[in-house]
Amino acid sequence: MTEQPAIRIAGISKRYGRTEALKDVSFDVGRHELFALLGPNGAGKTTLLHIICTILRPDTGSVMVGGLDALAHPTRSRRDIGVVFQEPSLDDRLTVYENLNFHGLVYGVPGPLRRDRIAELLELVELAQWRDKLVRTLSSGMKRRVEIARALIHTSKILFLDEPTAGLDAQSRERIWKYINQLRARRDLTVVVTTHYIEEVEGCDRVCIIDRGSILALDTPAALKAAHGQQLLRIVPRDDAAAAIMAEYPDATLRPDGEIVVQSSGDSFAESFLSRHGPHIRRLSVEEPSLESVFLSLTGREIRDQAAGARERTLAFGRQGGEHTR
């Protein structure tokens, strides 16, 4: 017998006035899956998450959470889910412990079990020594860790994280993901995360790419890159060369920082480009197929400004592994 999915949404649409935020969205999330909704700000990710969590009602469509009709039984559905919202939602006048304890009281978690869970979760997110500190004294990253712990005080089986690392520094973002993976292993959770950080979804089981309210692709990261990924050239031109390069490659993307991103058409494309434009560029690097290039291929634009990452390999000139810089 086929296992029932943790989440099943079918035909979800939502409109705000003339703006169609979601357009006939359908997909399943398997039990114990780490599932990512990837898209730029305004893509419809948060609206979709709020519908699944029963905060919003869709105009059309159905939502099943743990086999239960979430739209018909929102209160019962909420007992199985924990949510970390994009905007801070802690009471900063209370201590860390008081925030967690109040949440447990609201959900009717018995006292001894509530205290045990609070202690366990604070240890997990490395905040046990901060339990009696006012939330207002914590850093942004620490507050986010408290919110993750709070979402799991009750018997949640599905954890929703809406842009959990937005606005955090790289070290805090890495720690948040460490805790998420530890929680999955300990609690056998299903985790649904929304993000616009490409690099954060590489370790997810499946990635749903959403833009302008529609699903563009849904598969494992490897399958998405195989099906839609392309090699990219990232070019920093001389000041007087950008217009000419853009004219020759009208499908290229000109980023706010002046970098030009061109989709490569083959292994010899970079060498051919350099033979024609070498004197007019300051730097050129080649990025192998990535989820960033998947999004670019599907939408014709980058999901966000992104610094050069580990996926890039640079063209060698003069010495092995060097970067072509003029």
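Residues numbered from 1 in each chain as written. Predicted model: local features only at pLDDT ≥ 70, side-chain atom pairs only at ≥ 80, totals over all residues. Heavy atoms only, no water.

Remarks on unusual backbone geometry
Positive phi, normally seen in glycine, also occurs at H32, with a value near 70 degrees. With respect to the helices, strands and loops of the structure, H32 is situated in the loop between β2 (19-29) and β3 (34-38). Given a relative accessible area of 37%, H32 falls into the partly exposed group. For E126, which is not a glycine, the phi torsion comes out positive at approximately 60 degrees. (Helix = DSSP H or I, 4+ residues; strand = E, 2+ residues; numbered from the N terminus. Buried < 20%, exposed > 50% of the residue type's maximum accessible area, 1.4 Å probe, protein only.)

Observations concerning the packing of helix α5 (residues 140-150) against helix α6 (residues 170-187)
In contact at an axis separation of 10 Å, α5 and α6 are set at 15 degrees when each is read in the N-to-C sense. Classified by the angle between their axes, α5 and α6 sit roughly parallel to one another. The interaxial crossing formed by α5 with α6 has right-handed handedness. For the pair formed by α5 and α6, the contact residues are G141, R144, R145 and I148 on the first element and S172, R175, I176, Y179 and L183 on the second. When grouped by side-chain class, the residues that make up the contact of α5 with α6 number 4 nonpolar, 2 polar and 3 charged. (Axes fitted to C-alpha atoms, helices over the stretch in contact; angles between N-to-C directions. Parallel < 35°, antiparallel > 145°, perpendicular 65-115°, else oblique. Left-handed = near helix turned anticlockwise from the far one by under 90°. Contact = heavy atoms within 4.5 Å. Nonpolar A, V, L, I, M, F, W, Y, C, P; charged D, E, K, R; others polar.)

Re the sheet that holds β3
The strand order across the open sheet built from 6 strands is β6-β7-β8-β3-β9-β10, with neighbouring strands paired in mixed fashion. The two strands at the open ends of the sheet, each matched to only one other strand, are β6 (81-84) and β10 (214-219). Adjacent strand axes in the sheet meet at a mean angle of 15 degrees when their direction is disregarded. Judged from the 5 bridges that link them, strand β7 (residues 158-162) and strand β8 (residues 190-195) form a sheet pairing that is parallel. Each residue of the ladder has a partner; that of L161, found in β8, is V193. (Pairing = 2+ DSSP bridges.)

A short note on the side chain of T54
As for its placement among the helices and strands, T54 is situated in the loop between α1 (45-52) and β4 (60-65). Accessibility expressed as a relative area gives 10% for T54, which makes it buried. Setting aside chain neighbours within four positions, we find T54 in contact with A70, P74, S77 and R78.

Observations regarding the pairing of strand β9 (residues 206-211)
Buried residues dominate β9, accounting for 5 of its 6 residues. With 4 bridges connecting them, β3 and β9 associate as parallel partners. Bridge pairing links A36 to V207 in β9. As paired elements, β9 and β10 share 5 bridges and run antiparallel to each other.

A word on the packing of aromatic side chains
With the rule as written, the count across this model stands at 3 aromatic pairs. Both rings, one in Y249 and one in F269, keep their centres 6.0 Å apart while their planes meet at 75 degrees; by these two values the pair is edge-to-face. Linking Y249 in the loop between α8 (242-248) and β12 (253-254) with F269 in helix α9 (residues 269-277), this pair joins segments that are 20 residues apart in sequence. Among the residues examined, Y249 registers a relative accessible area of 13% and is labelled buried. Considering the side-chain rings of Y249 and F273, the 5.7 Å spacing of their centres and the 40 degrees angle between planes classify their relative orientation as tilted. In this pair, Y249 is assigned in the loop between α8 and β12 and F273 in helix α9, connecting sequence segments 24 residues apart. Here Y249 matches F273 in class, with each residue buried. Site record: aromatic cluster; members linked through ring pairs are Y249, F269 and F273. The lysine or arginine in question, R173, covers the ring of Y197, its NZ or CZ lying 3.8 Å from the ring centre. (Phe/Tyr/Trp six-rings, centres within 6.5 Å; stacked < 30°, edge-to-face > 60°. Lys NZ or Arg CZ within 6 Å of the ring centre and 35° of its normal.)

These values are about where atoms sit, not about what they do.
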